[in-house]
Each structure stands twice: as structure tokens, then as C-alpha cells.
Amino acid sequence: MTTVAPYGAWPSPITAETATRGMSAGQIGAPLYVGTVGTEVWWVEPRPEEGGRMALMRRKADGDPHSPLPAPWNVRSRVIEYGGRPWTAAATGGGVLVVFADFADQRLYAYEPDVPGAEPRPLTPVSPVGGGLRWAEPEIDLGRGEVRCVLEEFTGEGPGDLRRLIAAVPLDGSAAGNRAAVRELSDDRHRFVSGPRISPDGSRAVWLAWDHPHMPWDAAELKIAEVGADGVMREVRTLTGGPGDPVAQAEWAADGGLLAACEGTGWWNLYRVDPETGETVALHAAAEEFAGVQRLGLRWFVPLPDGRIWVLHGLGAQRPALLDPATGELVDVPGERGEWLPHLALSGAEVVGVAAGPSTSYEIVAVDTVTLRTRVVGREHQAVVEAGFLPEPVTRVVVGPGGREIHARLHAPRNPGFAGPEGEPPPYVVWAHGGPTLRSPLALNLEIAYFTSRGIGVADVDYGGSPGYGRAYRERLREQWGVVDVEDCAAVARALVDEGVAAPGRLAIRGGSAGGFTAASSLVASDVYACAALLYPLLDLEGVATGQTHDFESHYLEFLIGPYTEVPGRYRDRSPGAHPDRISVPFLLMQGTDDVVCPPAQSERLLERISAHGVPHAHLSFPGEGHGFRRADTMVTCLEAELSLYGQVFGFDPSGVPALRLEA
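What counts and what doesn't
Residues numbered from 1 in each chain as written. Predicted model: local features only at pLDDT ≥ 70, side-chain atom pairs only at ≥ 80, totals over all residues. Heavy atoms only, no water. Pairing = 2+ DSSP bridges. Helix = DSSP H or I, 4+ residues; strand = E, 2+ residues; numbered from the N terminus. Axes fitted to C-alpha atoms, helices over the stretch in contact; angles between N-to-C directions. Buried < 20%, exposed > 50% of the residue type's maximum accessible area, 1.4 Å probe, protein only. Salt bridge = Lys/Arg side-chain N within 4 Å of Asp/Glu carboxyl O. Expected span 1.5 Å × (residues − 1). Core = buried A, V, L, I, M, F, W, Y, C linked by side-chain atoms within 4.5 Å. Polar contact = N/O pair within 3.5 Å; in protein donor to acceptor, adjacent residues only side chain to side chain. Contact = heavy atoms within 4.5 Å.

Chemist: Explanation requested: the sheet that holds strand β17 (residues 247-252) in the structure shown.
Modeler: Pairing between sheet strands relies on hydrogen bonds along the backbone, with the strands arranged either parallel or antiparallel. Overall, antiparallel pairing links the 4 strands, which are arranged β17-β18-β19-β20 in an open sheet. Looking at the sheet topology across the chains shown, the edges are occupied by β17 and β20 (280-282). Across this sheet, the average inter-strand angle for adjacent strands is 30°, counted without regard to direction. Bridge count between β17 and strand β18 (residues 258-262): 5 bridges; the pairing is antiparallel. By the bridge assignment, Gln249 is partnered in β18 with Ala261.

Here it is, written out as C-alpha cells:
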């Protein structure tokens, strides 16, 4: 029997605690950085219930997954603040040797979990300078008795006082108190480096490099060097890439050939690259993506021993396929898990990865590359509620200003026991993703279900600037951030109202980080929304342009807004924090005190200014939280506060959650 009740007030078994279980930093509970040691599978996964730590997980072929490192060990790198792959492992005569970065001090540690009584031992020193020494993408070289890494070293107290290069650390611990024992394998002529790969015969190395003011997805170059007997990389030269043709990933094939994902045609496609000349040959030219925006430790493809290549490809999604480079034939892998993360590893005849679907959370899966059979090997999906309480996402293309296409996913309210009043459309919340160069995955998200199961729809918008739809779509945001993203979100919202899907006057917008900027800018620049939820938002563009953020994104606004020295007025005009007088609807602002990406001072300035305008608002500050919330209690508080905000604005009683106090 279906009960009619106001939208938003439907009882739901999806509590805030349920919705945030396994979630972290605005993601949807995904395990990350998969790797293999023989038949064993290793990865890291978020533990909000354990203070937000990232737990290192191990699954033996004949056992269940477990964490060999108990709390408080937190396997997480802070290189470029967003981190990168923080661990590696290798088989030894005594079992497995693991090397990992711990978040607390950013030191590398070595650990042998199969040795009775063994404890992690430090391999690197603590630097007294600035942000210290940070490590990512480690690879163990047992022959040389060391581990190679990307090193980020602060040289001063400022966020930009640093250098990055490829380095090696002795496994015997001799560098634990001695920076001089760290061997530098590459020079530091480039501001950023990532993805070092040694050729099968050990004679060459390739990696990606780029410099300010570019981001890696705009200008990463593929470097190659000769590797000497001492492991040092010499005779460095550029093979391909750079502005207009960035490289997202490079790998050595089993036969010694070099493969790379390049974007010269406007789409990330795969190429064979001549290590001598840099000449590229397309393996499967197509108007779809075979890679994405590059950060440290991501892999969209992995070469197989038989010459084929396991790839992730698609438009607005990343589904697996097998590519035969000899013929260009592409064979899709069957299955309902159509959304894979770029975290791939190889174990014999199996590819291991992180995959999800609209009704399943991210799981660690292994796929046989011969039979294409899939099995779950870790973080198996648990059905916490009946399927009828989960949304059924619908992919939409909305026509926006100037006739441009806007991609979005609609999650209509769904609850098997309740319906809204006849003839009354439900309220909707437009979600603006972060990045802004990220996108909304087609994967189960219990945060969305928390709202849809109560009668509130969610429109997840891949506004112009989102990857997954080709370079032209991504570059719509060039010098147009705060314009195109705002217009695209508003166009989706208006389309929902025009079609009778959503109720006019009962629309909200929500976003975190860059999405928080879009949401706040939407309150300043449009009258579409009745309220907004802002999570750790960017509010002051001038502050970012003048050094109030971290190094990785310190020049990002030159692409998104324009050079500050040439268009300073544009920075102020598009900073939502500079225009409190244009904000007229209630909002909720949620901020961590330790955020170095979007500093809390920006939020505090907006709150000071808004108090003079009588706009109802609430501010939740969380000591110890950084950019993106990781602790379970924080995320529960935020979800319940957001629901309370919608209840007060849209006129329903969200029973069971604390009332959010709005102050004018």
C-alpha cells in the first residue's frame, strides 16, 4: 500500500549513518590504488568510522580481505595535496614487503606483515622545512635494495617553495634520519612529474612532466631517459605531448614497445610511440575517451602479456574493453558494472580493478582476460536496503545557452511505500561536482539515495568543463568558470521545471570545492534556486591568484578565469564572496578548519559580509577536517543539516534529524 505524504518527509531506512558508511572526501566510498603481489590483491579504502583514515587492505588467494595495518596507520600521500598511489609491495623469501606513506608524518615506512612481531619501520626522514618530504607512486627494486618514488620536497615555508623529482630510498632504513641518503634519479627542471615507468630490460625510463601555468590534462609531456647502472636517469628528452597534445598515461608493453594515451585529436586515444623518434601511431582512433584528467597514480589501460591491452573507454563513463593493437579491434567486456575507476593492476591472466554500477557500490573485481568472467575479490557490495529505495538514474542531454548540449543524470524520488501529492512535482537539488575538471560517475551513491528515498530529486550535472566528452566540451570552461558552469546548471534546473519534473520555486543547488564555487556563484548570478548547500567552497578568486592556496592549482585560474595581471577585475567580479549583496536566499556553509585548498578564511569573510544583509544562513565548522570531509561524524552532521535546510525552505518536516538553526 502506498501512502501519500509531502515530498521530503517520506520515512526512509537510509539514515545519514548508512549513507556515509565507507564514504570519504566527497567520493562515494570507493576503494583506490589497487595492486597485486602474485595472486594477492592489495588496495586502500576509506574508513570514516575510524577517524577518516585510509586503510591498507590485503586479500590472499585463499582468504578474506583484511587490513594488516591497524589504526591509527593512515596510508595516504599528500603529494600535490590530493595525493597519489601511496603504497607498493613485492614478494620476498619471507613473504611480502610493503612500503607505504603514512598521512601523519608523510614518511615512507617498510613493513613485513608475514614476519612475526614485525612493525613498520621508517625509511625516510622528517624534514623541518615547510610541508616536509612527501612521497607517491613507490616501486620496490629488490635488486638495488631501494624503492623509487616521486618525491615532493619543500624548500621553504611557502606553499610554492618546493621541488619535485624521481628519487630512490634505501630499503635498509639508512635514510630514515639522513636526507643525504636519498638518491635523486632525475633532475628537478620540471615543476611536476608523475607516472615513472622502467622498461622491461631496465635500460630506459619514461614519465610525465608539466609546468606552471598548465595543468597536466592541458600540457603533460612524455619524457624518456637512459637508465645507468646506478639507476640514475640521464639524456632526458621529450618524446611527445605538451600543450595541445597532452599525455595522460604511458606504459611499456611486454615486447618492449611504448604505449601512451594522447589527446592530439581532441579525444584521449591510445597510440604506439616510437622510443627513438617519438612518432605516434593510433591503435584505435575513435571519438570517445580512453583516458581522462591525469593525477598521480591513475591508470586507464594496462598492457597484457599476450600483446592485447585492457582499456577503459566511453563517453561520460569508463567501461572495460580489450583492444588488439595489431588489428585495432575493440571487444567490450560484458557485465553490469559499467563504471570503472582508473586504478588497474595485472595478476597473471586477470585484470584487477575498481568497478561499480547504478545499483552496486564500487567493488574490487578481477576479470579473466580469456573467458571475460568477473569475480568480486574485495569490498563486496552489501545491500543495506531494498532496491526499491534506490534511485534509477536516467542520463539526459539538455540544450543550454547557444544550443550547447549539457550532460546530466537525473535521480527521481523513489520509495516503495510513499508517493507525493497528486499533481505536485517534487523538489530537486542540482549537484555541481568538484574539480571543476571532474564528472559525475554512473555508480550507486547512497548520499543521493538519502535524499531521493525521502522524496527529493537530484540532478547530477556534468556542466561544460567536465571530462569524458572530449576536449572541446572540457575547454568550454576556458576563461568561463563562473559563467558556463552556472548557466549549465541553471539550464538543467529550468528544463526540469518546464517539463513538469520539478516544482518551480523548490529548487536547490549543492556543491563541494569547485562545485561549491559553482553553487555560490549560482546564488550571486541567478534567481533559479531557493537555497544552497556549500561544502568547503572556493569563494575568493583573488585570494587564490595571490598565493592563498596550494601549489598544484595555484595557476589553474589562468585557464579558468584568465591571467590575473591582465584581467584582475574579472577575478573580483566572479568571486561569490565579493558579492554578498546579491545573495538573497538561505544557504548552509560547511568547512574544515585544516583546509589548505579552499582556506576557511574565505568562508569566514563571506559570513562576516553576509551578516549585514539579513540573509538566513548557517555555518558548520569542523576542527581537524581538511579539504573534503573524511570522518563519519562530520559527514552525518552535514547530511542531516542539509536535509533540515531543505525542510525549512521547501516546507516539510524532516523528522528524525536535528533542526538546523538559520541565522540572519
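Chemist: Would you mind going over the pairing of strand β31 (residues 405-411) with me for this structure?
Modeler: On any regular strand, side chains alternate: one points to one face of the sheet, the next to the other face. Across the 7 residues that make up β31, a large majority, 6, are buried. Linking two consecutive strands that pair antiparallel, namely strand β30 (residues 394-399) and β31, is a turn of 5 residues; a positive phi of about 70° is found at Gly402 within it. In this sheet, strand β34 (residues 457-462) lies alongside β31 in antiparallel orientation, the contact comprising 5 bridges. Paired with His411 across the bridge in β34 is Val458.

Chemist: Please explain the pattern of salt bridges as it appears in this structure.
Modeler: As a working rule, side chains carrying opposite charge can pair if their charged atoms are close by. Applying the stated criterion across every chain, the model contains 49 salt bridges. With its nearest N and O atoms 2.9 Å apart, the salt bridge here joins Glu81 to Arg78. Residue Arg78 is classed as partly exposed on the basis of its relative accessible area, which comes to 23%. Beyond isolated ion pairs, a larger network of salt bridges with shared partners links Arg78, Glu81, Arg134, Glu152, Arg164, Arg191 and Asp551.

Chemist: What is the right way to read helix α11 (residues 632-650) from this model?
Modeler: Residues three or four positions apart in an α-helix share a direction because the helix packs 3.6 residues into each turn. Between the first and last C-alpha of α11 there are 27 Å, a value that for 19 residues agrees with the 27 Å anticipated at 1.5 Å per step. Counting buried residues along α11, 14 of its 19 residues qualify, which places the element largely inside the surrounding structure. One or two residues past the end of α11 sits Gly651, with phi positive at roughly 85°.

Chemist: Sorry, what's going on with the environment of Gly656 here?
Modeler: Here Gly656 is to be found in the segment after α11. Sequence separation between Gly656 and Glu119 is 537 residues, and the spatial gap between their C-alpha atoms is 45 Å.

Chemist: I tried to follow unusual backbone geometry on my own but got confused; where do I start?
Modeler: What is expected of a backbone is that most residues other than glycine have negative phi and most peptide bonds are trans. Cis rather than trans, the peptide bond between Ala71 and Pro72 has omega equal to 15°. Topologically, Pro72 is positioned in the loop between β4 (53-59) and β5 (87-92). Unlike most non-glycine residues, Tyr33 shows phi in positive territory, near 50°. As for its placement among the helices and strands, Tyr33 is situated in strand β2 (residues 32-37). Classification of Tyr33 by relative accessible area gives buried; the value is 12%.

Chemist: Sorry, what's going on with the pairing of strand β11 (residues 162-170) here?
Modeler: Burial runs high along β11: 8 of the 9 residues are buried. One ladder, built from 9 bridges, connects strand β10 (residues 146-154) with β11; its direction is antiparallel. Paired with Glu146 across the bridge in β11 is Pro170. Pairing analysis gives 2 bridges linking β11 to strand β12 (residues 183-184), with the strands arranged antiparallel.

Chemist: Mind showing me how you'd approach the sheet that holds strand β13 (residues 192-198) here?
Modeler: Overall, antiparallel pairing links the 4 strands, which are arranged β13-β14-β15-β16 in an open sheet. Each edge of the sheet is formed by a strand with only one pairing partner; in this case those strands are β13 and β16 (233-241). Shown here is a sheet whose adjacent strand axes are inclined to one another by a mean of 25°, direction ignored. Where strand β14 (residues 204-210) lies against strand β15 (residues 221-227), 6 bridges are found, and the strand directions are antiparallel.

Chemist: Got a minute to help me understand the nonpolar core in this structure?
Modeler: Side chains of nonpolar character tend, in soluble globular proteins, to be buried together. The biggest cluster of nonpolar side chains holds 96 residues, and the ones touching the most others in it are Leu270, Trp481, Tyr529 and Phe587. With 40 residues, the next largest nonpolar core counts Ala533, Tyr536, Cys638 and Leu643 among its residues.

Chemist: Help me understand the side chain of Glu152 in this model?
Modeler: Considering the arrangement of structural elements, one finds Glu152 in strand β10. Relative accessible area serves as the criterion here: at 1%, Glu152 is assigned to the buried category. A polar contact of 2.8 Å, which involves the side chain of Glu152, links it to the side chain of Arg164. Excluding its chain neighbours within four sequence positions, the residues that come into contact with Glu152 are Arg78, Val79, Ile80, Gly132, Leu133, Arg134, Leu162, Arg163 and Arg164.

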